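For reference, the chains in residue letters:
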Amino acid sequence: TFFLVGFWVDKYPEMVKAIDEAGLEIGTHSNTHPDMAKLSKESVVSELTTSMQKITEITGKEVKVFRPPYGSYNNTLLSTCTELGLTAIQWDVDSLDWKGLDAGAVTQRVMNKAQNGSIILMHNNADHVVESTRLTLDWLTKQGYKVTSVGELIYNDNYTIDANGKKKKN
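Here the residue index of a chain counts from 1 through its sequence in written order. Residues qualify for local features only when their pLDDT is at least 70, as the model is predicted, and side-chain atom pairs are given and counted only at 80 or more; totals for whole chains, interfaces and linings, by contrast, use all residues. Only hydrogens and water are set aside when side-chain values are computed; all heavy atoms of the structure are taken into account.

A.B. asks: Now, about the packing of aromatic side chains: what can you tell me, with residues and values included?
C.D. replies: To pair, rings of Phe, Tyr and Trp, with the six-membered ring standing in for Trp, must have centres within 6.5 Å; the planes then decide the type, stacked if under 30 degrees apart, edge-to-face if over 60, and tilted in the middle. Tallying each qualifying case throughout the model produces two aromatic pairs. Between Trp-8 and Tyr-12 the ring centres are 5.1 Å apart and the planes differ by 40°, which places this aromatic pair in the tilted class. Any residue under 20% of the maximum accessible area for its type is buried, any over 50% is exposed, and the rest in between are partly exposed; the area is computed with a 1.4 Å probe on protein chains only. Residue Trp-8 is classed as buried on the basis of its relative accessible area, which comes to 18%. Accessibility expressed as a relative area gives 28% for Tyr-12, which makes it partly exposed. Measuring from ring centre to ring centre gives 6.2 Å for Trp-139 and Tyr-145, while their planes differ by 35°; the resulting arrangement is tilted.

A.B. asks: Give me the packing of helix α3 (residues 41-59) against helix α4 (residues 75-83): which residues, what numbers.
C.D. replies: Direction vectors running N to C along α3 and α4 enclose 50°, while the axes themselves pass 10 Å from each other. One finds that α3 runs oblique with respect to α4. Note that α3 runs across α4; the crossing there is right-handed. Where α3 abuts α4, its residues Lys-41, Val-44, Val-45 and Leu-48 lie against Thr-76, Leu-77, Thr-80, Cys-81 and Glu-83. Gly falls in the polar group here, along with every residue not listed as nonpolar (Ala, Val, Leu, Ile, Met, Phe, Trp, Tyr, Cys, Pro) or charged (Asp, Glu, Lys, Arg). For the contact of α3 with α4, the residue count by class is five nonpolar, two polar and two charged. Here an angle of 0 to 180 degrees is reported between the N-to-C directions of two axes, which are lines fitted to C-alpha atoms, with helices fitted over the stretch in contact. Secondary structure follows DSSP: runs of H or I at least 4 residues long count as helices, runs of E at least 2 residues long count as strands, and numbering of each begins at the N terminus. For this classification, under 35 degrees means roughly parallel, over 145 means roughly antiparallel, 65 to 115 means roughly perpendicular, and everything else is oblique. Take the far helix as your reference; a near helix turned counterclockwise from it by less than a right angle gives a left-handed crossing, and one turned clockwise gives a right-handed crossing. Contacts are residue-level and defined by heavy atoms, with any inter-residue pair within 4.5 Å sufficient.

A.B. asks: Tell me about a nonpolar patch on the surface, and please be specific about residues and values.
C.D. replies: Only residues whose relative accessible area exceeds 30% and that form no salt bridge are eligible for patches; like-charged ones are grouped when within 9 Å, while nonpolar side chains (Val, Leu, Ile, Met, Phe, Trp, Tyr) are grouped when within 5 Å. The Shrake-Rupley method, run with a 1.4 Å probe sphere, supplies the accessible areas, and residue values consider only the shown protein chains as cover. For this analysis, a salt bridge means a side-chain nitrogen from Lys or Arg found within 4 Å of a carboxyl oxygen belonging to Asp or Glu. The grouping of Tyr-155, Tyr-159 and Ile-161 at the surface amounts to a nonpolar patch, some 270 Å² of accessible area in total. On the secondary structure map, Tyr-159 appears in strand β7 (residues 159-161). For Tyr-159, a relative accessible area of 30% translates into the label partly exposed.

A.B. asks: Can you lay out the nonpolar core for me, pointing to particular residues and giving the numbers?
C.D. replies: Buried Ala, Val, Leu, Ile, Met, Phe, Trp, Tyr and Cys residues that are joined via side-chain atoms within 4.5 Å together make up what is termed a nonpolar core. One finds Leu-4, Leu-48, Phe-66, Leu-77 and Leu-86 to be the most contacted residues of the largest nonpolar core, which totals 16 residues. Per element, the largest residue contribution to this core is four residues, and it comes from α3. Among all residues touching Leu-86, those that are not within four sequence positions of it are Thr-28, Leu-48, Met-52, Val-63, Lys-64, Val-65, Phe-66 and Cys-81. Membership of the second largest hydrophobic core comes to six residues, among which are Phe-3, Ile-89, Val-150 and Ile-154.

A.B. asks: With reference to specific residues and values, describe the packing of helix α5 (residues 103-113) against helix α6 (residues 129-142).
C.D. replies: Viewed as axis vectors pointing N to C, α5 and α6 meet at an angle of 35°, and their least axial separation amounts to 8 Å. As for how α5 packs across α6, the hand of that crossing is right-handed. Packed against α5, whose contacting residues are Ala-103, Gly-104, Val-106, Thr-107, Val-110 and Met-111, the element α6 presents Glu-131, Ser-132, Leu-135, Thr-136 and Trp-139 at the interface. When its residues are assigned to classes, the contact of α5 with α6 shows six nonpolar, four polar and one charged.

A.B. asks: Mind laying out the layout of surface pockets, listing which residues take part and the relevant values?
C.D. replies: In this analysis, the protein atoms alone were mapped onto a 1 Å grid. Cavities are point sets where a 1.4 Å probe fits without being able to get out; pockets are open sets with protein on both sides within 12 Å along at least five of seven lines; lining residues have an atom within 4 Å of a point. Grid points are joined across faces, edges and corners, and a volume is the space filled by probe spheres set on the points. Within this model, the largest pocket holds a volume of roughly 1,600 Å³. As for the largest pocket, its lining consists of 47 residues, and the residues nearest its centre are Thr-1, Phe-2, Ile-120, Leu-121 and Met-122. The set of elements that each furnish at least two residues to the lining of the largest pocket consists of β1 (2-4), α1 (6-11), α2 (13-21), β6 (120-121), α6 and α7 (150-153). At seven residues, α6 tops the list of elements feeding residues into the lining of the largest pocket.

A.B. asks: Describe in detail α5, supporting the description with residues and values.
C.D. replies: Taken residue by residue, α5 has Ala-103, Val-106, Thr-107 and Val-110 as its buried positions. In an axial view of α5, the angular spread of the buried residues amounts to 95°, which keeps them on one side of the axis. Buried-residue contacts for α5 involve β5 (93-94), β6 and α6. Residues adjacent in sequence count toward polar contacts only when both atoms are side-chain atoms; beyond that, a polar contact is any pair of N or O atoms within 3.5 Å, and within protein one must be able to donate a hydrogen and the other to accept it. N-capping of α5 is provided by Asp-102, with a side-chain oxygen placed 3.0 Å from the backbone N of Gly-104. The directions from the helix axis to the C-beta atoms are what the arc is built from.

Now the structure itself:
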């Protein structure tokens, strides 16, 4: 799943189209990449609807998932996402690719932390993202993991949330 920021969509519409045409899920990562937990509800709505509209105009598809910048969220953000038909997600494996780690170090972090159902955070503008993505995907598939979209991992009904905030299928 690619979580795209609106200003990146504006700059690279042909890449958005290519991601979509490759059959990959596209979610929003806001319009301008602010700390969403610090915004008013009105600003949250603007950030999300603007970015969603930009993506939909290119792909013709409804945006259903959202990853908050910096992983920052609050109840206002979550309830607003629900009102807009979005599911806000987090990750459980941070590759730290955004820190400039080489591809081997990024892959090693994933290897040490990945488990069934993991959502792995990687960034399209990381220094070694192409190589680290190839290495990581190769390792995951060799370990027998099925790589899928975030949307396919989400429970939309018949679930409970445990004390750690994790959804469990009933």
